[in-house]
Amino acid sequence: MNSHPAGLFDVGGKNVVVTGGTRGIGMMIASGFAQAGARVIISSRKPQACASAEAELSEIGDVAALAADLSRAEGVEALARFVADRFDRVDVLVNNAGATWGAALDEFPRSGFDKILNLNVTSIFEVTQALLPRLRAAAAADDPARVINIGSIDGLVVSGTDNFSYGASKAAVHMLTRKLAATLASEHITVNAIAPGPFPSKMMAFLLDDPEARAQVENGVPLGRVGSPEDVAGTAIFLSSRAGAYLTGTVIPVDGGISGTR
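These notes cover the structure that comes with them. (Residues numbered from 1 in each chain as written. Predicted model: local features only at pLDDT ≥ 70, side-chain atom pairs only at ≥ 80, totals over all residues. Heavy atoms only, no water.)

1. Observations regarding the overall build of the protein
Piece 1. Summing up its helical and strand segments, the protein has 9 helices and 7 strands in all.
Piece 2. Here the C-alpha radius of gyration of the protein, 18 Å, is about what a compact globule of 262 residues would show, namely 18 Å.
Piece 3. Its C-alpha atoms give the protein principal-axis dimensions of roughly 50 × 40 × 40 Å.
Piece 4. Considering the protein as a whole, with its 262 residues, one finds that 49% of them fall into the buried category.
Piece 5. In the protein, the 22 positive side-chain charges and the 27 negative ones have mean positions that sit 5 Å from each other. (Helix = DSSP H or I, 4+ residues; strand = E, 2+ residues; numbered from the N terminus. Rg over C-alpha atoms; globule rule 2.2 N^0.38 Å. Buried < 20%, exposed > 50% of the residue type's maximum accessible area, 1.4 Å probe, protein only. Lys, Arg positive; Asp, Glu negative; His and termini not counted. Charge placed at Lys NZ, Arg CZ, Asp CG, Glu CD.)

2. Here we look at the environment of Q35
Piece 1. Along the chain, the position of Q35 falls in helix α2 (residues 24-35).
Piece 2. For Q35, a relative accessible area of 57% puts it in the exposed group.
Piece 3. Residues Q35 and S58, 23 residues apart in the sequence, show an inter-C-alpha distance of 10.0 Å.

3. Observations regarding the sheet that holds strand β1 (residues 15-19)
Piece 1. What the 7 strands build is an open sheet, ordered β3-β2-β1-β4-β5-β6-β7; its pairing is parallel. The open sheet has two edge strands, β3 (62-67) and β7 (251-254), and neither has a second partner. Across the sheet, the mean angle separating the axes of adjacent strands is 20 degrees when strand polarity is ignored.
Piece 2. Summarising the sheet, strand β2 (residues 39-44) and β3 pair through 6 bridges and their orientation is parallel. Its bridge partner lying in β3, S43 is registered against L66.
Piece 3. Against the sheet, helix α6 (residues 164-184) touches β5 (145-150), β6 (189-196) and β7, its axis set at about 165 degrees to β6. (Pairing = 2+ DSSP bridges. Axes fitted to C-alpha atoms, helices over the stretch in contact; angles between N-to-C directions. Contact = heavy atoms within 4.5 Å.)

4. Section: unusual backbone geometry
Piece 1. Even without being a glycine, H188 presents a positive backbone phi close to 60 degrees.
Piece 2. Mapped onto the elements, H188 comes out in the loop between α6 and β6.

5. Digging into the nonpolar core
Piece 1. One finds V17, V83, L93 and L135 to be the most contacted residues of the largest nonpolar core, which totals 34 residues.
Piece 2. When residues of this core are traced back to their parent elements, those giving at least two are β3, α4 (73-86), α5 (110-138), β5, α6 and β6.
Piece 3. Excluding residues that lie within four positions of it along the chain, V83 makes contacts with V17, I41, V90 and L131.
Piece 4. F33, A34, V40 and I237 belong to the second-largest nonpolar core, a separate cluster that totals 30 residues. (Core = buried A, V, L, I, M, F, W, Y, C linked by side-chain atoms within 4.5 Å.)

6. Here we look at the packing of α5 against α6
Piece 1. Contact pair α5 / α6: the axes reach a minimum separation of 8 Å and the direction vectors enclose 20 degrees. Taken together, the axes of α5 and α6 are roughly parallel relative to one another. Our pair here, α5 against α6, has a crossing hand that is right-handed. Contacts from G112, F113, I116, L117, N120, V121, I124, F125, T128 and L132 of α5 reach α6 at F164, S165, Y166, S169, K170, A172, V173, L176, L180 and L184. (Parallel < 35°, antiparallel > 145°, perpendicular 65-115°, else oblique. Left-handed = near helix turned anticlockwise from the far one by under 90°.)

7. Remarks on a nonpolar patch on the surface
Piece 1. A surface patch of nonpolar side chains, amounting to about 340 Å² of accessible area, comprises L105, F113, L117 and F164.
Piece 2. Note on placement: L105 falls in the loop between β4 (92-95) and α5.
Piece 3. Taking the relative accessible area as the measure of exposure, L105 reaches 61% and is therefore exposed. (Patch = residues over 30% accessible without salt bridge, like charges linked within 9 Å, V, L, I, M, F, W, Y side chains within 5 Å. Areas by Shrake-Rupley, 256 points an atom, 1.4 Å probe, with all protein chains shown as cover. Salt bridge = Lys/Arg side-chain N within 4 Å of Asp/Glu carboxyl O.)

8. Points about the pairing of β7
Piece 1. Here β7 shows a buried face lined by I252 and V254 and an unburied face lined by V251 and P253.
Piece 2. With 4 bridges connecting them, β6 and β7 associate as parallel partners. Bridge pairing in β7 links A195 to P253.

9. Concerning the environment of T22
Piece 1. Looking at the secondary structure, you find T22 in the loop between β1 and α2.
Piece 2. A sequence separation of 35 residues divides T22 from L57, and the C-alpha atoms of the two residues are 9.3 Å apart.
Piece 3. Beyond its immediate sequence surroundings of up to four residues, T22 is in contact with M27, I42, S43, S44, A49, C50 and A53.
Piece 4. Among the polar contacts made by the side chain of T22, one reaches the side chain of S44 at a distance of 3.2 Å. (Polar contact = N/O pair within 3.5 Å; in protein donor to acceptor, adjacent residues only side chain to side chain.)

10. Quick look at helix α9 (residues 229-240)
Within an α-helix, residues lying three or four positions from one another point in the same direction, as the helix has 3.6 residues per turn.
Piece 1. Look at α9: 17 Å from first C-alpha to last across 12 residues, which is about the 16 Å you get at 1.5 Å a residue.
Piece 2. Restricting attention to buried positions, one finds in α9 the residues V232, A233, T235, A236, I237, L239 and S240.
Piece 3. Of the surrounding elements, those touching the buried residues of α9 are α2, β4, β5, β6 and β7. (Expected span 1.5 Å × (residues − 1).)

Below, the structure is given as structure tokens:
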């Protein structure tokens with residue numbers, strides 16, 4: 001075993017897939033892996049976002065992008081083909097693609113549940129299912145293949161926003177993580193979730209772009225700040241390295257202490 005601290009967290013040469021990797025937390029994670037020497041494939045629904053992110057991330061590492069709508073079976077199949085063309089194995093799958101919906105309780109539409117549950121929960125299952133052959137090809141007893149699902153502290157604690165379907169979907173992601181972990185452990189594939197708190201992402205922009213609202217968000221975080229790219233990328237790299245090889249079925253809050261102190 002490489003017990004040197006640098007070796008414990010080494011992900012160089014690993015093949016990594018990050019869905020929703022063109023912005024926000026997904027791009028933070030993809031960038032972290034690229035900088036650490038991994039080969040990375042990212043996906044997003046919008047072709048222009050993919051082209052832009054691929055160009056930016058290719059300056060720091062080996063990154064390819066595919067535009068695919070993972071809420072549709074055709075999009076999942078397209079991603080699986082794209083990955084199979086480039087990787088003989090997938091060492092790490094980061095299921096990050098997701099969306100949110102806000103509306104008052106009396107006006108919350110069915111479509112606000114159908115869309116969010118389909119993308120945030122069902123697509124995680126389907127992408128994992130589609131990439132299982134490549135994950136199995138990477139799996140080894142001393143170095144498991146890794147699946148990392150991006151949940152949310154909104155799936156752990158009740159937030160003050162009207163995101164009924166989002167919070168429910170992220171709680172479902174956490175339980176799906178545990179179920180997949182129990183099912184795949186014997187195949188040397190670990191499945192864990194990261195539950196981020198407030199990070200600078202498009203989903204949080206409506207709050208963080210306003211100085212007064214941002215201050216209010218930061219005041220609600222015990223550590224007094226929103227998350228940085230290093231915070232979430234570091235957690236994903238830990239879970240994907242030798243240091244994280246003995247964890248499966250866990251949900252790790254990366255939230256500055258919000259969920260742990262409520």
